[in-house]
Amino acid sequence: MATKHEQILQYIDELPVGEKISVRQIAKAMTVSEGTAYRAIKEAENKGYVSTIERVGTIRIERKKKENIEKLTFAEVVNIVEGQVLGGKTGLHKTLNKFVIGAMKLEAMMRYTGPDNLLIVGNRTQAQELALKAGAAVLITGGFDTEDHIKKLADSLEMPIISTSYDTFTVATMINRAIYDQLIKKEIILVEDILTPLTETFYLKTSDKVSRWHTLNLETTHSRYPVVDQNMKIQGMVTAKDIMGQESDTTIEKIMTKQPMTVSGKTSVASTAHMMVWEGIEVLPVVDDTNRLEGIISRQDVLKALQMNQRQPQVGETLDDIVTNQMVLMRGKAKGEEVYTCEVTPQMTNHLGTISYGVFTTVVSDAANRILRSYKKGDLVVENMTIYFLKPVQMESILEIYPRVLEVGRKFGKVDVEVFNDGILVGKAMMMCQLIDRN
């Protein structure tokens, strides 16, 4: 039985796209308190199928698919540019597929403007009208208003016309930044992206007998199953090891491993891999906020996702990417020695103009990662790091990084890294790394 909170979320999800939503309306429709309705609306907003806009209110918007995360709805554009909606409010839920900067002649501008585009333009009424007729939304920069007949046209065509006080360049940068941030998020694979959903998950109830495990084992050839109570809340895990030597009429509750480790759908796959390797776990139950079973994730799922992610083209650069892209492999003097060079760019410095502590950490971590990869294929997670010497390094300096493997085993590696600038030692670090094997 779904909770009242879940029922409200389902009700909101089933509302038509573009519908206005209010706390009072939801409270009345679902016979709940306004506080309960407010909490559900906020969660729907976090999940991305509701958006709140100043002077417009809260509306139901399209639920974005993961692969379309780089697309924004017009409602999100209003929030990004701190805009005011002048007309066409009913179209705010629509998704834009590209934006056009209207800094050219009218005919040229219209050649580039099509359905579901966003024309960013100043106080040019004719351009605004033609864009709306072409099926595009309009974003007016410089804080200008527009004529009443344009607002009416926007209302009748259900395409938003928005005004912002920012200039065209700033607006384009802000929208680009929002798309870019989302692309970086897109690269971080979460458990919810790859889990085996509940509909395809085999599980046991606490009241089931050992004989039920044998039946499932024959059907599925799996040996590990999550165990739930009558409310679908996770209570344990049961494996072939627990079943060995048990009578067929023994209840699962008596032999299962209680309080198993779990993950949520929002846990990153990298963090899950770390947990599975560290604890030697093959299967993890995935649960919601109330500890209800949502599915399972296996070690094979995790490794496959990590391998797939490595083959993806890099679309959004994180700060770590900017740093590691500066690192170049050089030949060491001794045979088999790896030496990396890295230029300290202005983005890598602190307020004093010297290399920041965070950047130095990234540089030594990346050097350790690269050298350990020559021993073992796969990823590594830094378990602990000690930086026991660091001198200020000016911007535009060229660092030379010497990583040295002190010890490497099946699951762990120990690396010492020395960093020089102009032949002078400027940093030393020691790292213990956990190796995530990819078999």
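Quick note: structure is the one above.
Quick caveat, the model's predicted, so the values are computed rather than measured. (Residues numbered from 1 in each chain as written. Predicted model: local features only at pLDDT ≥ 70, side-chain atom pairs only at ≥ 80, totals over all residues. Heavy atoms only, no water.)

Observations regarding the packing of helix H1 (residues 4–13) against helix H2 (residues 23–30)
At step 1: In the contact formed by H1 and H2, the axes pass within 11 Å of each other and the chain directions differ by 115 degrees. In the crossing of H1 with H2, the sense of the turn from one axis to the other is right-handed. On H2, the residues that touch Lys4, Gln7, Ile8, Tyr11 and Ile12 of H1 are Gln25, Ile26, Ala29 and Met30. (Axes fitted to C-alpha atoms, helices over the stretch in contact; angles between N-to-C directions. Helix = DSSP H or I, 4+ residues; strand = E, 2+ residues; numbered from the N terminus. Left-handed = near helix turned anticlockwise from the far one by under 90°. Contact = heavy atoms within 4.5 Å.)

Description of the nonpolar core
At step 1: Counting residues in hydrophobic clusters, the biggest one holds 39 residues, and the most contacted among them are Leu92, Leu118, Leu119, Leu132, Leu139, Ile161 and Ile175.
At step 2: Among residues more than four places away in sequence, those in contact with leucine 132 are Val138, Ile150, Leu153, Ala154, Leu157, Met159, Pro160 and Ile161.
At step 3: Ranked by size, the runner-up nonpolar core spans 29 residues in total, among them Val359, Val364, Val415 and Leu435. (Core = buried A, V, L, I, M, F, W, Y, C linked by side-chain atoms within 4.5 Å. Buried < 20%, exposed > 50% of the residue type's maximum accessible area, 1.4 Å probe, protein only.)

Regarding the pattern of salt bridges
At step 1: Overall, the coordinates contain eleven salt bridges when judged by the stated rule.
At step 2: The residue arginine 60 makes a salt bridge to aspartate 13 at a minimum N-O spacing of 3.1 Å. A residue pair is termed long-range when its members are at least 10 positions apart, and arginine 60 in strand S3 (residues 57–60) and aspartate 13 in helix H1 qualify at 47 residues.
At step 3: When the shortest N-O distance is used, the salt bridge between lysine 266 and glutamate 192 registers 3.0 Å. Remark: glutamate 192 occurs in helix H9 (residues 191–194) and lysine 266 occurs in the loop between strand S16 (263–264) and helix H13 (269–279); sequence separation between them is 74 residues. (Salt bridge = Lys/Arg side-chain N within 4 Å of Asp/Glu carboxyl O.)

Quick notes on the sheet that holds strand S14 (residues 234–238)
At step 1: The sheet built from four strands is open, its strands ordered S12-S13-S14-S15 with mixed pairing. Of all the strands in the sheet, just strand S12 (204–205) and strand S15 (257–258) have a single pairing partner and so form its edges.
At step 2: When S14 meets S15, the two strands line up antiparallel, connected through two bridges. If you follow methionine 237 over to S15, its bridge partner there is threonine 257.
At step 3: Packed on one face of the sheet, helix H10 (residues 210–220) meets S12, strand S13 (225–228) and S14 and runs near 140 degrees to S13. (Pairing = 2+ DSSP bridges.)

Focus on the packing of aromatic side chains
At step 1: This model, assessed by the stated rule, comprises one aromatic pair.
At step 2: Ring geometry for tyrosine 402 versus phenylalanine 420: centroids 5.5 Å apart, planes at 85 degrees, classification edge-to-face. Taken together, the residues tyrosine 402 in strand S22 (residues 398–408) and phenylalanine 420 in strand S23 (residues 412–421) connect sequence positions 18 residues apart.
At step 3: Of the residues examined, tyrosine 402 reaches a relative accessible area of 24% and is grouped as partly exposed. (Phe/Tyr/Trp six-rings, centres within 6.5 Å; stacked < 30°, edge-to-face > 60°.)

Considering the environment of isoleucine 387
At step 1: Structurally, the position occupied by isoleucine 387 is in strand S21 (residues 379–390).
At step 2: Here the alpha-carbon distance between isoleucine 387 and lysine 428, two residues 41 residues apart in the chain, equals 5.9 Å.

Topic: the sheet that holds S3
Hydrogen bonds along the backbone pair up the strands of a sheet, which may run parallel or antiparallel.
At step 1: The three strands are arranged S1-S3-S2 in an open sheet whose pairing can be described as antiparallel. In this open sheet, the two strands that pair with only one neighbour each are strand S1 (20–21) and strand S2 (50–53).

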